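Observations on the three-dimensional arrangement
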Amino acid sequence: FFFQAEDGIRDDLVTGVETCALPISVNVLQWGAKNTNTDASTTTAAIQAAVSFIVSNQKKAFFPKGTYLLNDSIKISGQTSRWSLEGESRNTVLLQSVIAGDSKPIFEFQGGEIAEFNISNFFLQWDNSSSVSGYKACAFFFTTGTGSLIAGVYNFTIENIRSEEHTSELQSPDHLVCRLLLEKK
C-alpha cells in the first residue's frame, strides 16, 4: 500500500516505511513556465521538462490560465501511457507557437507506442507561413523521427481544444486560403 498525495506527504505513518509520495499532478508554473505572454525560451524548456516528467511517471500536468509562448514543439517520446495535460479552460489557456520563420507543430509525438493519454482545455495557435523540412505546422504531429509509422496510438482523448492557424498567404492574391478556426462544440 502506497499513499499518494498532491503535496508529496510522507506515508511513514500509513505503512511504517519512510517513503515520499510523488505528486499526482504538477503545475507547469512550478517548473518555471511563464503564463504572462513572455519568455518563450524559458517557458518552452519548463513545459518540456514538466511534460517529460509526467509522461515518464504517469501523472497530470496542469496549466493555469494565461498565454504560454513556445519556441519549439513540446515533444512526447518513446513508449508512454496513462498521462494527462490539462488546461484550466480552453478560453483562458493559450499555447502559442512563436517560431520565427520556421513553423513546427505544437505537440510532436515521437517513437514507440503512445496510449491512454488525455489532452484537454487548451487554445492552440500557430503560424503556418513557412515550414521546416519534414515538419508541418499544426497542433499535433505523430512521427517516429525516421519517416516510418509510429508503433501505435490508441485509447486517448483530445478534447475541448480550440485551435487556430495563421498564414501569411492571406495577403497573397494568387492563393485562395482559408483561415482555420476549428472548435469542438
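Further up the page is the structure itself.
For the structure given in this document, a descriptive report is provided here.

The rules we used
Residues numbered from 1 in each chain as written. Predicted model: local features only at pLDDT ≥ 70, side-chain atom pairs only at ≥ 80, totals over all residues. Heavy atoms only, no water. Helix = DSSP H or I, 4+ residues; strand = E, 2+ residues; numbered from the N terminus. Contact = heavy atoms within 4.5 Å. Areas by Shrake-Rupley, 256 points an atom, 1.4 Å probe, with all protein chains shown as cover. Expected span 1.5 Å × (residues − 1). Phe/Tyr/Trp six-rings, centres within 6.5 Å; stacked < 30°, edge-to-face > 60°. Buried < 20%, exposed > 50% of the residue type's maximum accessible area, 1.4 Å probe, protein only. Lys NZ or Arg CZ within 6 Å of the ring centre and 35° of its normal. Salt bridge = Lys/Arg side-chain N within 4 Å of Asp/Glu carboxyl O.

Another point: the overall build of the protein chain. A count of helices and strands for the protein chain gives two helices and 12 strands. Of the contacts formed within the protein chain by residues at least 6 apart in sequence, a portion of 72% connects residues at least 24 apart. For the protein chain, the exposed surface amounts to about 9,800 Å²; the carbon and sulfur share of it is 52%.

Glancing now at the environment of Ser97. Mapped onto the secondary structure, Ser97 falls in strand E6 (residues 93–97). Sequence-distant contacts of Ser97, that is, excluding residues within four places in its chain, are made with Leu70, Lys104, Ile106, Gln125 and Trp126.

On to helix H2 (residues 40–57), then. Helix length check: H2, at 18 residues, gives a terminal C-alpha distance of 25 Å against a target of 26 Å (1.5 Å per residue), a fit within 8%. Just past H2, the residue Gln58 takes up positive phi, approximately 55°.

On to the packing of aromatic side chains. The full count for this structure, using the stated rule, is eight aromatic pairs. Pairing Phe117 with Phe156 gives two aromatic rings, centres 4.9 Å apart and planes at 5°, and the pair type is stacked. Taken together, the residues Phe117 in strand E8 (residues 113–127) and Phe156 in the loop between strand E10 (152–154) and strand E11 (157–166) connect sequence positions 39 residues apart. A relative accessible area of 2% means that Phe117 is categorised as buried. Grouping aromatic residues by their ring pairs yields a cluster made of Trp83, Phe109, Phe117 and Phe156. Over the aromatic face of Phe123 sits the side chain of Arg162, whose NZ or CZ is 4.1 Å from the ring centroid.

Following the sequence through the fold, Lys59 ends up in the loop between H2 and strand E2 (60–63). Sequence spacing of Lys59 and Phe117 is 58 residues, and the spatial spacing of their C-alpha atoms is 10.0 Å.

Counting buried positions along strand E3 (residues 66–70) yields five of five residues, so the element is predominantly enclosed. Here E3 shows no split at all, with Gly66, Tyr68 and Leu70 on one side and Thr67 and Leu69 on the other all buried.

Oppositely charged side chains are able to pair whenever their charged atoms sit close together. Taken as a whole, this structure holds three salt bridges when the rule is applied. Salt-bridge contacts for Glu86 lead to Lys60; the nearest nitrogen and oxygen are separated by 3.9 Å. Highlighted residues: Glu86 in strand E5 (residues 80–87) and Lys60 in strand E2, separated in sequence by 26 residues. The exposure class assigned to Lys60 is partly exposed, which follows from its relative accessible area of 29%. In this structure, Asp72 engages Lys75 in a salt bridge whose closest nitrogen and oxygen atoms are separated by 3.3 Å. With relative accessibility at 22%, the residue Lys75 sits in the partly exposed group.

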